Amino acid sequence: MADRYEVIIIGAGPGGYVAALRASQLKKKTLLIEEDKVGGTCMNWGCIPTKHLLHLTQVFAEVGNARHLEGPRDRILCDWAKVQEERAKVVDKLVKGTEFLLQKNGVAIIKGRAEFVGPDKVSVAASQDVREFESSRIVLATGSRSADLPFLKPDGIRIITSREALELAAVPKSLIVIGAGAIGLELATIYRRMGTDVLVLEILPAILPGSDREIAQRLERILIKQGVKILTQMRIEESRVEEGGVFLKGTCLKEGTPFEYRAEKVLAAAGREPNSEGLRRGLPGLAVTRRGFVEVNSKLETNIPGVYAVGDVIGGKLLAHKASHEGILAVENAFGAAQDMHYEALPMAVFTDPEFASVGLTEEEAKESGLEVRVGKFPFHASGRAMTLESTEGLVKVLAGKDDRIIGAHILSPHASEIIPELTLAIHRGLALQDVSSAIHIHPTLSEGVMEAALKAKNSAFHILNV
Ligand code: FAD
């Protein structure tokens, strides 16, 4: 006999565990199934460990770069084993805290791999036991994993994915990062700060494909100054694990010339693929895209009635806050709401130094869709706060439509991820430039740059010329 729940959620990453918390707030009998660790990729092998390693290595880099400190810099060392110990401690604390929250909220958690045995029934193999559970509402939140590349098969030792890169026992002497997306650039930054010779190879013409071009180019120049080598339009065609490292061969598309590189380790960070094939075995009618992402409608329901899907497994921007937001919406819809998911105000951030945060349309996207855009930019070299932080290379860029409503914003600065929410709210609530520029901003802060950029869009900035 199968145990019956009002809702079953498969996968306990941010999509799944937040969905479970929402279901418990709605007083529904909820089962959360997780084959690995609560917190999913985000907490264990994604957002949290990367940000912690970025923080710990930034402290080291800042001490090394500080012009006002005296004393032999070569005597200040970073204890990598301790760094790893700290990372593991933070991850563990968060995972345990989330498990505690789920349990206190009455969510039943089963550890094991879920498989469909019918459209409303799943089996879970845990230890020697196979149990079955039933529900007329099931939420798929099984996430994604690093994509396999035809020319690069990760072995977990020499050719690694982000998962291994976060837990390396020793700092490699050299590292080639394949892919200049957020994950590749954050890991490149971490290891560069630790002294690794880092080379990033990207097949596309620019880093952070799909991002605001001007800001991405600026970030590229800054990263290069920090010692990260970045080469774009580099197509890798062959890889070989050799004594002491990895050999890569390919073609530079810009020049049409061949290239060869060697490094102690190669990190495959060029895309992610959905964890959907296991689910599809027991649910053969489930509609998926060519790349295996589960297809959903605007209410996040799949083509199988009562089966919803959220987070990385449905594709789009692979972000933890997208997953959790979708998780809440899917559960509410499963219990009778009829809300559509909107992505116009979905922010993202890359936690390099400086950070790059973005929301809404890029200037390129706005122009491509024929929109008449007004652009306001404020460079941080004119910001008092940026000067005090010794980080003046960034800028704020705000885009507004013809009616002055804000449609996009892009920020390169320290803590850009903490500044972007003001503009996320502006887009979410359909606010205009005037709404942002007329709000009082604390002085001295980087967020004054948001106000100035909004003013500049109307040629009325105070701290830069309006010509
Ligand atoms: P996941 O977090 O992947 O969780 C899915 C869970 O489902 C997993 O725990 C898996 O074990 C489980 N599962 C899969 N199949 C089954 C099954 N059949 N039965 C039971 N359980 C199953 N995003 C951000 O927003 N900010 C960041 O700073 C950020 N940094 C990142 C850094 C790295 C290195 C990586 C890899 C990702 C990063 N991301 C970041 C992306 C973020 O981690 C994902 O978008 C997010 O985790 C997706 O959440 P999810 O719930 O959809 O899936």
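Just so we're clear, the structure is a prediction, and the values are computed from it rather than from any experiment.

1. Quick notes on the sheet that holds strand 6 (residues 121-126)
- A sheet is described by the order of its strands in space; here 4 strands give the open sequence 1-7-6-5, paired in mixed fashion. What marks the edges here is a single partner per strand, and that holds for strand 1 (3-4) and strand 5 (113-118).
- Pairing of strand 6 with strand 7 (residues 129-134) involves 6 bridges; the strand directions are antiparallel. Bridging from a neighbouring strand, V124 pairs with R131 of strand 7.

2. Observations concerning unusual backbone geometry
- The residue after D353, namely P354, is reached through a cis peptide bond having omega 0 degrees.
- Mapped onto the elements, P354 comes out in the loop between strand 20 (348-350) and strand 21 (355-360).
- The step from H443 to P444 runs through a cis peptide bond, and the omega angle for that step is -10 degrees.
- Turning to its location among the elements, P444 is positioned in the loop between helix 13 (433-437) and helix 14 (448-456).
- Residue L208 is not a glycine yet carries a positive backbone phi of 45 degrees.
- Within the secondary structure, L208 is located in the loop between strand 12 (197-201) and helix 7 (213-225).
- Overall, L208 belongs to the buried group, its relative accessible area being 5%.
- Positive phi, normally seen in glycine, also occurs at N459, with a value near 50 degrees.
- With respect to the helices, strands and loops of the structure, N459 is situated in the segment after helix 14.

3. Let's talk about the environment of R280
- You can see R280 is positioned in helix 8 (residues 277-282).
- Sequence spacing of R280 and D212 is 68 residues, and the spatial spacing of their C-alpha atoms is 36 Å.
- Setting aside its immediate chain neighbours within four residues, R280 contacts L286, V288 and G292.

4. A few points about the side chain of K397
- Residue placement: K397 occurs in strand 23 (residues 395-400).
- Its relative accessible area of 1% is what places K397 among the buried residues.
- There is a polar contact of 2.8 Å between the side chain of K397 and the side chain of E214.
- Non-local contacts of K397, meaning those with residues more than four positions away in its chain, are made with D212, E214, I215, E363, V375, G376, K377, G408, A409 and H410.

5. Focus on the site of the ligand
- Neighbouring the ligand are 37 residues; E34, T41, K51, D312 and A320 lie closest to it.
- A distance of 3.1 Å separates a nitrogen atom of the ligand from a polar atom in the backbone of E35.
- K51 is positioned such that a nitrogen or oxygen atom in its side chain is 2.6 Å from an oxygen atom of the ligand.
- Listed by contribution, the elements that provide at least two residues to the shell around the ligand are helix 1 (14-25), strand 3 (30-34), helix 2 (40-45), helix 3 (47-65), strand 5 and helix 9 (320-334).
- No other element matches the 4 residues that helix 2 contributes to the shell around the ligand.

6. Let's talk about the side chain of N44
- With respect to the helices and strands, the residue N44 is situated in helix 2.
- On the accessibility criterion, N44 (2% relative accessible area) is buried.
- A distance of 2.9 Å separates the side chain of N44 from the backbone oxygen of G40, its partner in a polar contact.
- Dropping the residues within four chain positions of it, N44 is found in contact with K37, V38, G39, P49, V91, V95 and E167.

7. Things to note about the domain arrangement of the chain
- When its domains are assigned, the chain resolves into domain 1 (3-146 + 273-334), domain 2 (159-270) and domain 3 (348-456).
- Each of domain 2 and domain 3 has a C-alpha centre, and these two points are 29 Å apart.
- Contacts between the two partners involve 19 residues from domain 2, matched on the other side by 19 residues from domain 3.
- Note on domain 2 versus domain 3: buried area summed over both sides is about 1,600 Å², and carbon and sulfur give 61% of it.
- It is D212, I215 and R218 in domain 2 that bury the most area against domain 3; as a group they hold 35% of the surface buried on that side.
- Seen at the junction of domain 2 and domain 3, the total is 4 salt bridges.
- Among the salt bridges present, the one from D212 reaches K397, with a minimum N-O distance of 3.0 Å.
- Seen at the junction of domain 2 and domain 3, the total is 8 residue pairs in polar contact (both at pLDDT 80 or more).
- The leading source of residues in the side of domain 2 that touches domain 3 is helix 7, at 9 residues.
- Residues that form the side of domain 2 that touches domain 3 fall into these classes: 8 nonpolar, 4 polar and 7 charged.

8. Quick word on helix 4 (residues 80-104)
- If you check helix 4, its first and last C-alpha atoms are 36 Å apart, about what 25 residues at 1.5 Å a residue would give, namely 36 Å.
- Among the residues of helix 4, those classed as buried are W80, V83, Q84, R87, V91, V95, T98 and L102.
- On its buried face, helix 4 is in contact with helix 1, strand 3, helix 2, helix 3, strand 4 (108-111) and helix 6 (182-193).
- At the N-terminal end of helix 4, a side-chain oxygen is found 3.1 Å from the backbone nitrogen of A81, two or three residues along, and the residue is D79.

Basis of the calculations
Residues numbered from 1 in each chain as written. Predicted model: local features only at pLDDT ≥ 70, side-chain atom pairs only at ≥ 80, totals over all residues. Heavy atoms only, no water. Pairing = 2+ DSSP bridges. Helix = DSSP H or I, 4+ residues; strand = E, 2+ residues; numbered from the N terminus. Buried < 20%, exposed > 50% of the residue type's maximum accessible area, 1.4 Å probe, protein only. Contact = heavy atoms within 4.5 Å. Polar contact = N/O pair within 3.5 Å; in protein donor to acceptor, adjacent residues only side chain to side chain. Near = heavy atom within 4 Å. Domains from an automatic or database assignment. Buried area = accessible area lost by both parts, 1.4 Å probe. Salt bridge = Lys/Arg side-chain N within 4 Å of Asp/Glu carboxyl O. Nonpolar A, V, L, I, M, F, W, Y, C, P; charged D, E, K, R; others polar. Expected span 1.5 Å × (residues − 1).

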